[in-house]
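Analysis of the macromolecular model
The chain contents come next:
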Amino acid sequence: MENFTFQCATKVIFGRQAEEQVGKEVKAYTDKVLLHFGGSSIKKSGLYDRVTARLREAGVSYIELGGVVPNPRVSLVREGIRLCREHNIRFILAVGGGSVIDSAKAIGIGVPYDGDVWDFYMKKAEIKEMLPVGVVLTIPAAGSEQSHNSVITNEDEQLKLGAGAQCMRPQFAIMNPELTFTLPAYQTASGCMDIMAHVMERYFTNTRGVDFTDRLCESTLKTIIKNLPIALENPEDYNARAEIMWAGSIAHNNLLGVGREQDWGNHAMEHELSAIYDVTHGAGLGVTFPAWMRYVYKHDVARFAQFAARVWDVETMYAPEEMALEGIRRYSEFIRACGLPTTLSELKIPGDRFEEMARKCTRDDTRVVGCFVRLYAKDVLNIYNMAK
């Protein structure tokens, strides 16, 4: 196990009607916020009215900025920065899923910075501070409600990049599983693929002596495998939704990744799909991850056999390589059984830009992708072709 420092300062308020506490939580920091959200869904569900009522009752005024879309855009982030500066806003309340939260974080780091916020995502500037962000979570997937990361898309350059710093963890996360009851099945399943990917980016490691976090990773994966079909069958099953929501948060606050080398190659590869074709992030990961597994499993057959046995209940009577391949097959079948695509063609992604995506992913081989197996442009291209 490697040395590590773990700190997660986000306060979690979890359970039924938890959003009723939003006014009190915000008031502890400020009396004026930027209220940041996506489309019309929070208004149709009544969540917008409940949140704004609680803010007014607490004496908190707000400036609205809606319009966040999946794969959130830097153009809207820049508008948020302008609004915060114009109205002297020092707190951002994100009501939504990972896209809204990531956009809020980007606004938060952009306000105190003299340059363009995109500098942080291009690694041209170091993140030193962020306006405090609070969250009312509506979609369990990205884990951004506790993480120290943000991923933003530059639509002009067709780039989707991440930035991170410890100061980017939200101050609080209000998490009511009831708010996820109305999510469409495709969005529910895609979110769970994102959760599983966050776990597996940490699970597939070259670090030895990490059995405790291995077991934490495996139990988180098993929780999704058990509860996603239940939520798809009965969208208002509170316990299944609660298990998924909490698993999604733990999957990405880095508790599961401490003391171990992490990979993140699949996220880099999927970001190219999202940046160009605007695919749902979790659905894209559900395509790239099985292909990546088939490409790299021989690097550590024993770890893949362990994954097969502990996560997918593959019998240990098989030879390790047979176990590894059967585990990958069961994972892929689970994705399909949950109504998601398992090939790039099903995502309507043609092969004519694979080489371009591989070059962009690796910055023309100036950046090595992944750690479990280090991938170069030719490897990324091979994985895209395996996934087509």
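Everything below is about the structure printed above this text.
My aim in this report is to walk through the structure given alongside it, one point at a time.

Reading guide: rules and limits
Residues numbered from 1 in each chain as written. Predicted model: local features only at pLDDT ≥ 70, side-chain atom pairs only at ≥ 80, totals over all residues. Heavy atoms only, no water. Helix = DSSP H or I, 4+ residues; strand = E, 2+ residues; numbered from the N terminus. Rg over C-alpha atoms; globule rule 2.2 N^0.38 Å. Buried < 20%, exposed > 50% of the residue type's maximum accessible area, 1.4 Å probe, protein only. Contact = heavy atoms within 4.5 Å. Areas by Shrake-Rupley, 256 points an atom, 1.4 Å probe, with all protein chains shown as cover. Lys, Arg positive; Asp, Glu negative; His and termini not counted. Charge placed at Lys NZ, Arg CZ, Asp CG, Glu CD. Polar contact = N/O pair within 3.5 Å; in protein donor to acceptor, adjacent residues only side chain to side chain. Core = buried A, V, L, I, M, F, W, Y, C linked by side-chain atoms within 4.5 Å. Axes fitted to C-alpha atoms, helices over the stretch in contact; angles between N-to-C directions. Parallel < 35°, antiparallel > 145°, perpendicular 65-115°, else oblique. Left-handed = near helix turned anticlockwise from the far one by under 90°. Pairing = 2+ DSSP bridges. Salt bridge = Lys/Arg side-chain N within 4 Å of Asp/Glu carboxyl O. Expected span 1.5 Å × (residues − 1). Nonpolar A, V, L, I, M, F, W, Y, C, P; charged D, E, K, R; others polar.

The next subject is the overall build of the protein chain. Summing up its helical and strand segments, the protein chain has 15 helices and eight strands in all. At 20 Å, the protein chain has a C-alpha radius of gyration in line with the 21 Å of a compact globule built from 388 residues. For the protein chain, the C-alpha atoms occupy an extent of roughly 65 × 45 × 45 Å along the three principal directions. The buried share among the 388 residues of the protein chain stands at 58%. Residue pairs at least 24 apart in sequence account for 77% of intrachain contacts in the protein chain once pairs closer than 6 positions are excluded. About 15600 Å² of surface is accessible on the protein chain, with carbon and sulfur atoms providing 49% of the total. One way to put it: in the protein chain the 44 positive side-chain charges average out to a point 2 Å from where the 49 negative ones average out.

What follows concerns the side chain of Glu326. Along the chain, the position of Glu326 falls in helix 13 (residues 320–337). Assessed through its relative accessible area of 19%, Glu326 is described here as buried. Here the side chain of Glu326 touches Arg330 through a polar contact of 2.8 Å, side chain to side chain.

Right, let's talk about the nonpolar core for a bit. Core analysis: the largest hydrophobic core is formed by 66 residues, its most contacted members being Met196, Trp292, Met293 and Phe304. At nine residues, helix 7 (residues 185–203) tops the list of elements feeding residues into this core. Other than its neighbours up to four places away in sequence, Trp292 contacts Phe204, Asp263, Asn266, Met269, Phe304, Phe372, Leu375 and Ile383. By size, the runner-up hydrophobic cluster in this structure holds 38 residues, among which are Val111, Val133, Ala173 and Met175.

A few words now on the packing of helix 8 (residues 211–233) against helix 12 (residues 301–312). The geometry of helix 8 relative to helix 12 is characterised by a closest axis approach of 9 Å and an angle of 45 degrees between their N-to-C directions. In terms of orientation, helix 8 lies oblique with respect to helix 12. Crossing angle aside, the handedness with which helix 8 passes helix 12 is right-handed. Two secondary-structure elements touch here, helix 8 through Asp211, Asp214, Arg215, Glu218, Leu221, Lys222 and Ile225 and helix 12 through Arg303, Gln306, Phe307, Arg310, Val311 and Trp312.

Relative to the elements of secondary structure, Ile109 occurs in helix 5 (residues 98–110). In sequence terms Ile109 and Met168 are 59 residues apart; their C-alpha atoms lie 7.9 Å from each other. Leave out the neighbours within four places in its chain, and Ile109 touches Val117, Phe120, Tyr121, Ile127, Glu129, Met130 and Met168.

Turning to the sheet that holds strand 5 (residues 133–137), a few remarks are in order. One open sheet holds the six strands; their spatial order is 1-8-5-4-2-3, and the pairing between them is parallel. Each edge of the sheet is formed by a strand with only one pairing partner; in this case those strands are strand 1 (11–14) and strand 3 (61–65). With direction set aside, neighbouring strand axes in the sheet form an average angle of 20 degrees. Sheet topology places strand 2 (residues 32–37) next to strand 4 (residues 92–96); four bridges connect them, and they run parallel. The residue of strand 4 that forms the bridge with His36 is Ala94. Across the sheet, helix 9 (residues 238–251) is in contact with strand 1, strand 5 and strand 8 (172–175); its angle to strand 1 comes to roughly 170 degrees.

Per the counting criterion, the structure on display carries 24 salt bridges. Close ionic contact of Arg16 with Glu178 constitutes a salt bridge, the shortest N to O distance being 3.8 Å. Of this pair, Arg16 sits in the loop between strand 1 and helix 1 (22–27) while Glu178 sits in the loop between strand 8 and helix 7, and the two are 162 residues apart along the sequence. In this structure, the salt-bridge partner of Lys160 is Glu270, at a minimum N-O distance of 4.0 Å. Placement of the pair is Lys160 in strand 7 (residues 159–164) and Glu270 in helix 10 (residues 265–277), with a sequence separation of 110 residues.

This part covers helix 13. Given a rise of 1.5 Å per residue, 18 residues ought to cover 26 Å, and the 25 Å separating the end C-alpha atoms of helix 13 matches this to within 8%. Looking at the buried residues of helix 13, the elements they touch are helix 7, helix 8, helix 11 (281–296) and helix 12. A positive backbone phi angle near 85 degrees is found at Gly339, which sits one or two residues after helix 13.

What follows covers the environment of Glu20. With respect to the helices and strands, Glu20 occurs in the loop between strand 1 and helix 1. Taking the relative accessible area as the measure of exposure, Glu20 reaches 33% and is therefore partly exposed. In contact with Glu20, other than residues within four places in its own chain, are Arg50 and Arg54. Within polar-contact distance, the side chain of Glu20 engages the side chain of Arg54 at 2.8 Å.

Our focus in this paragraph is the packing of helix 10 against helix 15 (residues 377–387). One way to put it is that helix 10 packs onto helix 15 with a least axis distance of 11 Å and a crossing angle of 65 degrees. In this view, helix 10 runs roughly perpendicular relative to helix 15, as classed from their interaxial angle. Where helix 10 crosses over helix 15, the handedness of that crossing is right-handed. Side by side, helix 10 and helix 15 meet where Met269, Glu272 and Leu273 of the first sit next to Val380, Ile383 and Tyr384 of the second. Across the contact of helix 10 with helix 15, the residue classes break down as five nonpolar, no polar and one charged.

Our next topic: the pairing of strand 2. Across the six residues of strand 2, five count as buried, placing the element largely inside the fold. For strand 2 and strand 3, the ladder comprises five bridges, and the chain directions are parallel. By the bridge assignment, Lys32 is partnered in strand 3 with Ser61.

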